[in-house]
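Report on the structure
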Amino acid sequence: MKAMILAAGKGERLRPLTLHTPKPLVRVGGVPLIEYHVRALAAAGIADLVINHAWLGQQIEDYLGDGARFGVRIVYSAEGEPLETGGGIHRALPLLGDAPFLVVNGDIWTDYEFARLRNAHTALAHLVLVDNPEHHPQGDFGWRDGQLAAGEAIPRLTYSGIALLHPRLFAGCTAGAFKLAPLLHQALADGQASGEHFSGRWVDVGTHERLAQVERLLSGEP
């Protein structure tokens, strides 16, 4: 299995940290955010990684290199223009192959064990969902009786930014910028998506406050 780390975000809400440092290289607990993912993927036995980048992306390549010092192999998908999540993955498909691949947002911090997705079965998408954080109370996907469900009048959970995707999810897509969410919702509507509810530690590190939250978690503070 291959994995893709999405690392092309500009991180404007983390300024001034991200004025001269790409968001995935912002440090928490003394370690760049993206390094937590690289090491966790290596520990899960997932050694072939694709990383996309845009804003100050060369710094990411300079820091991670070919991945050898982490026990992985890294190739990069450089984006000259913002492609959003869907467009970024679509551009990288030639590097990901024909089999389902793991995808993880580069700007989250979590103790999710990626090895769990090695045995996940999916048609087009298998999503890892988390409890709705304070900054996103409405959630993203319906969750009923322990599985993904379509419909508005049911409880909803938040997409964690971790998923197992099949390249066929992008059939019919064309090059350029587009969002991933509509593809996921269509897969759910077509009965081609599954999910799991993760109740462990997870933070969407989009603000200085949430960056501080991760620091507290790492230090063991309540």
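Everything below is about the structure shown above.
Description of the structure in this document.

Cut-offs applied
- Residues numbered from 1 in each chain as written.
- Predicted model: local features only at pLDDT ≥ 70, side-chain atom pairs only at ≥ 80, totals over all residues.
- Heavy atoms only, no water.
- Helix = DSSP H or I, 4+ residues; strand = E, 2+ residues; numbered from the N terminus.
- Rg over C-alpha atoms; globule rule 2.2 N^0.38 Å.
- Buried < 20%, exposed > 50% of the residue type's maximum accessible area, 1.4 Å probe, protein only.
- Contact = heavy atoms within 4.5 Å.
- Areas by Shrake-Rupley, 256 points an atom, 1.4 Å probe, with all protein chains shown as cover.
- Lys, Arg positive; Asp, Glu negative; His and termini not counted.
- Charge placed at Lys NZ, Arg CZ, Asp CG, Glu CD.
- Expected span 1.5 Å × (residues − 1).
- Bend = angle between axes of the 7 residues up to and from the residue.

**Examining the overall build of the protein**
A tally of regular secondary structure across the protein gives five helices and 13 strands. For the protein, the C-alpha radius of gyration of 17 Å lies close to 17 Å, the compact-globule estimate for 222 residues. Dimensions of the protein along its principal axes, counting C-alpha atoms only, are 45 × 40 × 30 Å. The 222 residues of the protein split such that 48% are buried. In the protein, of all internal contacts separated by at least 6 residues, the share reaching a separation of at least 24 is 74%. Total accessible area on the protein stands at roughly 10,400 Å², and carbon and sulfur atoms take up 50% of it. Where the 19 positive side-chain charges of the protein centre and where its 24 negative ones centre are 2 Å apart.

**Points about helix α3 (residues 84-96)**
With 13 residues, α3 extends 18 Å from end C-alpha to end C-alpha; this agrees with the ideal 18 Å at 1.5 Å per step. Bending of α3 peaks at approximately 30° at the position of His-90, with proline Pro-94 no more than four residues after it. Looking at α3, one finds that the buried residues are Gly-86, Gly-87, Gly-88, Ile-89, His-90, Ala-92, Leu-93 and Leu-96. The inward-facing, buried residues of α3 abut β1 (2-7), β4 (48-53), β5 (73-78), β6 (101-105) and β11 (156-165). Downstream of α3 by one or two residues, Gly-97 has phi in the positive range, about 85°.

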